[in-house]
Amino acid sequence: MISNVKINVENTAEFMYVLLVVVKAFEVDIIPANRIVTQIGETLILTCNTTGCASPTFSWRTQMDNPLGGTVNNYKTYSTLTMNPVSVVNSHDYLCTVFCGEKEKKEKSIKVELYSFPSDPVIEIRPSLFAGEPVAVICKIPDVYPSSRLEVFLKKEEHILVEKYFYEDDSTNAETKTVMYSFNLTAEDIGKEITCVAKLEIDSMDFEPKERVTSQKLNANFGPQNTIITVSPGNSAMKGDPLKLTCVTESNPPPQIVWRKHLADESIQHLVENNVLFIPHAHFTDSGLYICEAINLATNKTEKATVDIVIQGAPYIVQLTIEPSTTVQEGEEVSIQCSAESNPPPKIILRRKSDSADIVPYSEGRILFLPSVTFLNGGDYECVAENEFGKNKSEKTLNVELMINCRIFLSDGPKNTTITVIPATSVKEGETVTMKCTSSGNPAPVISWKKKAASGEPEKIFKDATLTIQNTKSKDLGLYECEAYNQFGKEEKAVELLIQVPPQNIIVLVYPSENVEEGENITITCSTYSNPPSQMVLKKVHQEKEIILPSVNGTFVLYNVTKNDTGRYLLDVFNEVGNSIKVIDIAVVGRLKKTDQMLPLIIAFSCVTAIAVPVVAILIYVSRKAKINGSYSLVKALGLKV
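A brief structural summary. (Residues numbered from 1 in each chain as written. Predicted model: local features only at pLDDT ≥ 70, side-chain atom pairs only at ≥ 80, totals over all residues. Heavy atoms only, no water.)

**Things to note about the overall build of the protein chain**
Phase 1: Looking only at helices and strands, the protein chain has one helix and 48 strands in total.
Phase 2: By the burial criterion, 41% of the 642 residues in the protein chain qualify as buried.
Phase 3: For the protein chain, contacts bridging at least 24 residues in sequence account for 66% of all contacts bridging at least 6.
Phase 4: Element-wise, carbon and sulfur atoms account for 52% of the exposed surface of the protein chain, whose accessible area totals about 34700 Å². (Helix = DSSP H or I, 4+ residues; strand = E, 2+ residues; numbered from the N terminus. Buried < 20%, exposed > 50% of the residue type's maximum accessible area, 1.4 Å probe, protein only. Contact = heavy atoms within 4.5 Å. Areas by Shrake-Rupley, 256 points an atom, 1.4 Å probe, with all protein chains shown as cover.)

Structure (structure tokens):
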């Protein structure tokens, strides 16, 4: 039993000795093995590793004994060759030689193959673009190697403009290659896509990508051209209907549009600065020649279009008056006048209403004159205005006091005092307004006009029955009083005149600046004068999804802006009379730090308006100035569109 045990122990020891010899066999390998493809500019580490040798000695060389182009670091059982960055000098077969003691030597080699295709092509378009002028499109492919395998295609949409192969290029370094194509730019090219396709086809190398593509849309400044005006529902509209005039033109960038109108006195009235002129309720005074002027600030060109608008409708009787009064004495002269508006012009008939077929007196005109009235001339008089679209009528009563046997003088203080305003008590700035005051009394009252002064006290401004104000201004608004008086008393009537003024004297302030860094806040404030109160709308243009924001009460505040907020903003201030547009260009540049963080844009929009309005009671003067202090707050704005 003891002998058998000894034999087994000896056999086990011999087996273990043989196993140890196998494990410690001297071997060399390189990581990565045999062949490596790497890009110029990257970092490459070759590792020569040994097994079975406690203290190996390493050496590196190229098979053509060129410079290594790298750094060698030796460790206990392995050595590294680091190339940082890799350059064209590293395109070799590298050999790692390892000595184990004095007699054992092993070698391993690896082939390093290089390429460079680091980034997408860069498209440049020269010079600045104007339609009809020559343009050069340049495609640059940065740092290509080997350029002899480079293929480049330059396309406009799907049409190939030029293709170039660099097969005969013998460049030994990574170089930027260029392909250029020139042509005359047309308006039809605007928006078309220029595409540069670069291919580095090396079948023996395994790398991605082997194709890089860059696209850019063509843009050019041109126009305005082919400017026209469209009118809805048409050039001839009915009184009271809405009327929409749209100015259409071809221009890039979009032009500034200005509307004007020829007035009867040959002067030009400035209306609005918008491509659409909207008249909600057309009136006869809206007839005339309208001018649309398109202005392109980039091309410094202007083009005009005109349209003649005719407003038609049934007559409207402005006033019917009896002078000197609706109550007169026998023998006095009486003049009955009627005025009416319409298009085409109305036929006017003035007559006394009667059941008899013989209607006397009668006049086919605007004035009926009675040189010496009798009591038979008393009664109801009517004015009938008629044209092809209809007719309208108005009536008043003439009282003739009869004198029996002797002259009777019936004294009476002023009464039935009335004020007629033509065309209305609310007119646009620049229009003419006529206020006529009539009153009855015996003797005939003397009529004068007063207007409330800034102190609140009335001031006499005119002594006649008819007060006409031409080319009205905002200073003309206020409370007007007609005073009719004779020795037996006086009577007063008042009327409030409102002057409609489009937005003007607009001031827009951007704080701290129109050029800011990311993360800053931008505050936009505006002030203007108008009547009635203006509304404000903010638009951000040149986006696939344009923004429209209505006025809410005040200042634009852009919180924590980002580069996405860069762009052109249009502040449209408007009321029923007109509008004005201000352009704000905001540029946001990135900060040096924390560029990876973007905060949501919170925009608060408000507008504070102050206008001139009538104030308590008829004796207080209407303030002469109206001012809007505007502000907006843009909140989550990027979801709306014009």
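**Some thoughts on the sheet that holds strand β7 (residues 93-100)**
Phase 1: Pairing is mixed across the open sheet formed by four strands, whose spatial order is β2-β8-β7-β4. Only two strands of the sheet have a single partner each, and these edge strands are β2 (34-39) and β4 (56-62). Between one strand and the next, the sheet's axes are offset by a mean angle of 25°, whatever the strand orientation.
Phase 2: Inspection of the sheet shows β4 paired to β7 by seven bridges, in the antiparallel sense. (Pairing = 2+ DSSP bridges. Axes fitted to C-alpha atoms, helices over the stretch in contact; angles between N-to-C directions.)

**Comments concerning the side chain of T62**
Phase 1: The topology assignment puts T62 in strand β4.
Phase 2: Looking at T62, the relative accessible area reads 0%, which means it is buried.
Phase 3: A polar side-chain atom of T62 sits 2.5 Å from the main-chain amide nitrogen of N66.
Phase 4: The residues contacting T62, other than those within four sequence positions of it, are P67, L68, H92, D93 and Y94. (Polar contact = N/O pair within 3.5 Å; in protein donor to acceptor, adjacent residues only side chain to side chain.)

**Some words on the packing of aromatic side chains**
Phase 1: In the structure shown here, the tally under the stated rule is five aromatic pairs.
Phase 2: With 4.7 Å between their ring centres and 25° between their planes, Y75 and Y78 make a pair best called stacked.
Phase 3: Ring geometry for F153 versus Y165: centroids 6.1 Å apart, planes at 90°, classification edge-to-face. Here F153 is found in strand β11 (residues 150-156), whereas its partner Y165 is found in strand β12 (residues 159-165), with twelve residues between them in sequence.
Phase 4: Overall, the relative accessible area of 13% leaves F153 in the buried class.
Phase 5: On the basis of relative accessible area, Y165 is assigned to the partly exposed category, the value being 39%. (Phe/Tyr/Trp six-rings, centres within 6.5 Å; stacked < 30°, edge-to-face > 60°.)

**Focus: the state of the cysteines**
When the sulfur atoms of two cysteines share a covalent bond, that bond is a disulfide.
Phase 1: A full pass over the atoms with the stated rule returns six disulfides.
Phase 2: Between the sulfur atoms of C53 and its disulfide mate C100 the distance is 2.0 Å. In this structure, the disulfide formed by C53 and C100 twists by about 105° around the S-S bond and is classed as right-handed. Here C53, found in the loop between β3 (44-51) and β4, pairs with C100, found in strand β7; they are 47 residues apart in sequence, far enough to count as distant.
Phase 3: Using a relative accessible area of 7% as the deciding quantity, one classes C53 as buried.
Phase 4: C100 gets classed as buried once you look at its relative accessible area, which sits at 13%.
Phase 5: One disulfide in the model links C338 with C383; its S-S distance is 1.9 Å. Across the disulfide from C338 to C383, rotation about the S-S bond amounts to roughly -70°, and the bridge is consequently left-handed. Here C338 is found in strand β25 (residues 334-343), whereas its partner C383 is found in strand β29 (residues 379-387), with 45 residues between them in sequence.
Phase 6: Described in terms of the sequence order of its bonded cysteines, the disulfide pattern of the protein chain is 1-3, 2-4, 5-6, 7-8, 9-10, 11-12. (Disulfide = S-S within 2.5 Å.)

**A look at the pattern of salt bridges**
Phase 1: Evaluated as defined, the whole model comprises 20 salt bridges.
Phase 2: Of the charged contacts, one joins K177 and E175 as a salt bridge, the two residues approaching to 2.9 Å between their closest N and O atoms.
Phase 3: The class of K177 is buried, set by a relative accessible area of 8%.
Phase 4: A salt bridge links E492 to K490, with the shortest nitrogen-to-oxygen separation between them at 4.0 Å.
Phase 5: What makes K490 exposed here is its relative accessible area of 55%.
Phase 6: Each of K450, E481, E483, K490 and E492 takes part in a single network of salt bridges with overlapping partners. (Salt bridge = Lys/Arg side-chain N within 4 Å of Asp/Glu carboxyl O.)

**As for the pairing of strand β44 (residues 567-574)**
Phase 1: With respect to burial, β44 is a largely interior element, six of its eight residues being buried.
Phase 2: Bridge count for strand β41 (residues 535-540) against β44 is six bridges, and the pairing is antiparallel. Residue pairing for β44: V537 is matched across the bridge by D572.
Phase 3: Two strands pair when backbone bridges link them, and β44 and strand β45 (residues 579-589) are joined in this way by eight bridges, in the antiparallel orientation. Counted as the bridge partner of R568 is D585 from β45.
Phase 4: The turn joining β44 and β45, which pair antiparallel and follow one another in sequence, is formed by four residues.

**Re a nonpolar patch on the surface**
Phase 1: Together, F375, L376 and L402 make up a nonpolar patch on the protein surface, roughly 310 Å² of accessible area in all.
Phase 2: Checked against the element boundaries, L376 lands in the loop between β28 (367-370) and β29.
Phase 3: Given a relative accessible area of 55%, L376 falls into the exposed group. (Patch = residues over 30% accessible without salt bridge, like charges linked within 9 Å, V, L, I, M, F, W, Y side chains within 5 Å.)

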